[in-house]
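Chain residues, written in single-letter form:
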Amino acid sequence: MTDQTPHQWDLLLIVTNDRYGSDRFDTVRRLIDTALRNGRSVQVWACGEVNGLTEVAPVESCCANGEPSTAEQISGLVAEHDGRFNWLACRTCSEERGAGEHIPGLPTPSFANLGEYVNRSAKTVFIGGV
Amino acid sequence: MRSTDFDSAVQSGAVQSGAVPGRPRVPAQFLVESQAPPGPGTVSNFLRAAEHLAARTPTDVFLIDDGVGCAVHAHDEVAGIVRTGGRVRADGRSLGERGIDPDKLPPGVEVADLDAVADHLFDPAVRVVWH
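Cut-offs used in this document
- Residues numbered from 1 in each chain as written.
- Chains lettered and ligands numbered in written order.
- Predicted model: local features only at pLDDT ≥ 70, side-chain atom pairs only at ≥ 80, totals over all residues.
- Helix = DSSP H or I, 4+ residues; strand = E, 2+ residues; numbered from the N terminus.
- Buried ≥ 20, exposed ≤ 12 C-beta atoms within 10 Å, placed from the backbone.
- Contact = placed C-beta atoms within 7 Å.
- Axes fitted to C-alpha atoms, helices over the stretch in contact; angles between N-to-C directions.
- Parallel < 35°, antiparallel > 145°, perpendicular 65-115°, else oblique.
- Nonpolar A, V, L, I, M, F, W, Y, C, P; charged D, E, K, R; others polar.
- Pairing = 2+ DSSP bridges.
- Core = buried A, V, L, I, M, F, W, Y, C linked by C-beta atoms within 7 Å.
- Arc of directions from axis to C-beta.

Novice: What should I look at first to understand the overall build of chain B in this one?
Specialist: Scanning chain B for helices and strands turns up six helices and five strands. Here chain B holds 131 residues, and the buried ones make up 41% of them. Expressed as a percentage of contacts within chain B between residues at least 6 apart in sequence, the contacts between residues at least 24 apart total 75%.

Shown next, in the form of structure tokens:
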């Protein structure tokens, strides 16, 4: 069956595995920046351990060097690029891991909604698998 | 073509693929290697698969993060991709972060950044496999 749903987003980037979480968020950030710089829109679906990136920390977790934390970077990007960037914190993965609350304003779809987000995107790319 | 014939054709360079002269090269697949090369005495099955694909259809490979190490430590597989018509690029920032000298890359491997491959990432017609 041909998908007739108009694509609202250019790319759905599914990021899983902590390999692209705390250790290498820089690469995910570069992909986001590349999309925005080239006039594209992108949603990131955080899968598995990656959901820890946007948890509300009990204590301010700003980097020692004064750089904004990953959660602050994501929050800032969402605010700055409304409609062209979004971060989706998977509720299913978060609950399985007993994660705390996510930073305010992030959609928290369940895994059952993933297909809807795939259909809204012209392309889906999965990174972080082993 | 039997697999042994195919392997021979790939190894000899008799099977070629790539751009149509005068047209921008749009690969059928864009393969991203982000993981460290296998240990000594083993091979990267991902890059070997890329070599076989490159012999059949236009295939681009991008090495990023620890994957740039493949350009040095999986030299034969990377060179094989280029030999069979594939295009291999290595992320300049990842090379720099790991102290890999671009002059040490196999012939035909280009240094690029994410902007240079953005069209492949976003083109719905290009299949992306990120390893």
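Having seen the model, we can carry on.
Novice: How do you make sense of the packing of helix α1 (residues 25-37) of chain A against helix α6 (residues 114-122) of chain B when you look at a structure like this?
Specialist: The packing of two helices is summarised by the inter-axis angle and the distance between the axes. Direction vectors running N to C along α1 of chain A and α6 of chain B enclose 75°, while the axes themselves pass 10 Å from each other. Comparing the axis directions of α1 of chain A and α6 of chain B gives the class roughly perpendicular. When α1 of chain A is examined against α6 of chain B, the residues Arg30, Leu31, Thr34 and Arg37 of chain A are found in contact with a partner set consisting of Leu114, Asp115 and Ala118 of chain B. Of the residues in the contact of α1 of chain A with α6 of chain B, the class split is three nonpolar, one polar and three charged.

Novice: Looking at this structure, I do not really get the sheet that holds strand β2 (residues 59-63) of chain B. What am I missing?
Specialist: All names here are of chain B. Strand order in the open sheet formed by five strands is β4-β3-β2-β1-β5, and the pairing between neighbours is parallel. The outermost strands of the open sheet, each flanked by one partner alone, are β4 (110-112) and β5 (127-130). Neighbouring strand axes in the sheet, compared pairwise and without regard to direction, differ in orientation by 25° on average. Examined bridge by bridge, β2 and strand β3 (residues 87-91) share four bridges and lie parallel to one another. Across the sheet, Leu63 pairs through a bridge with Ala90, a residue of β3.

Novice: Quick question: what am I supposed to make of the pairing of strand β1 (residues 11-15) of chain A here?
Specialist: Remark: a regular strand shows side chains that alternate across the two faces of the sheet. Residue and element names in this part refer to chain A. Burial runs high along β1: five of the five residues are buried. The alternating pattern of β1 places Leu11, Leu13 and Val15 and Leu12 and Ile14 on opposite faces, both of which are buried. Both β1 and strand β2 (residues 42-46) contribute to a ladder of five bridges, which runs parallel. From the neighbouring strand, Leu12 faces β2, where its bridge partner is Gln43.

Novice: Honestly, the nonpolar core in this entry has me stumped. Any pointers?
Specialist: Side chains of nonpolar character tend, in soluble globular proteins, to be buried together. Membership of the largest hydrophobic core comes to 59 residues, with the highest contact counts inside it found for Leu13, Val15, Val44 and Ala46 of chain A. Looking at this core, the element that brings in the most residues is helix α2 (residues 45-56) of chain B, giving six residues. Setting aside anything within four residues of it in sequence, one finds Val15 of chain A in contact with Tyr20, Val28, Val44, Ala46, Cys47, Val50, Ile127 and Gly128 of chain A.

Novice: Any chance you could explain the sheet that holds β2 of chain A here in plain terms?
Specialist: Backbone hydrogen bonds hold the strands of a sheet together, and the pairing may be parallel or antiparallel. Residues and elements named next belong to chain A. Pairing is parallel in the open sheet, where four strands are placed in the order β3-β2-β1-β4. Of all strands in the sheet, those with a lone pairing partner are β3 (85-89) and β4 (124-127), marking the two edges. Strand-to-strand twist of the sheet, defined as the mean angle between neighbouring strand axes without regard to direction, takes the value 20°. Packing against the sheet, α1 makes contact with β1, β2 and β3, and its axis sits at approximately 160° to β2.

Novice: For this particular structure, what's the right way to read helix α2 (residues 70-80) of chain A?
Specialist: One turn of the α-helix equals 3.6 residues, which is why residues spaced by three or four share an orientation. Residue and element names in this part refer to chain A. Here α2 has its buried residues at Thr70, Ala71, Ile74 and Leu77. Angular distribution of buried residues about the axis of α2 spans 130°; they occupy a single face of the element. For α2, exposure combined with an orientation more than 90 degrees from the buried face picks out Gly76, Ala79 and Glu80. The inward-facing, buried residues of α2 abut α1 and β3.

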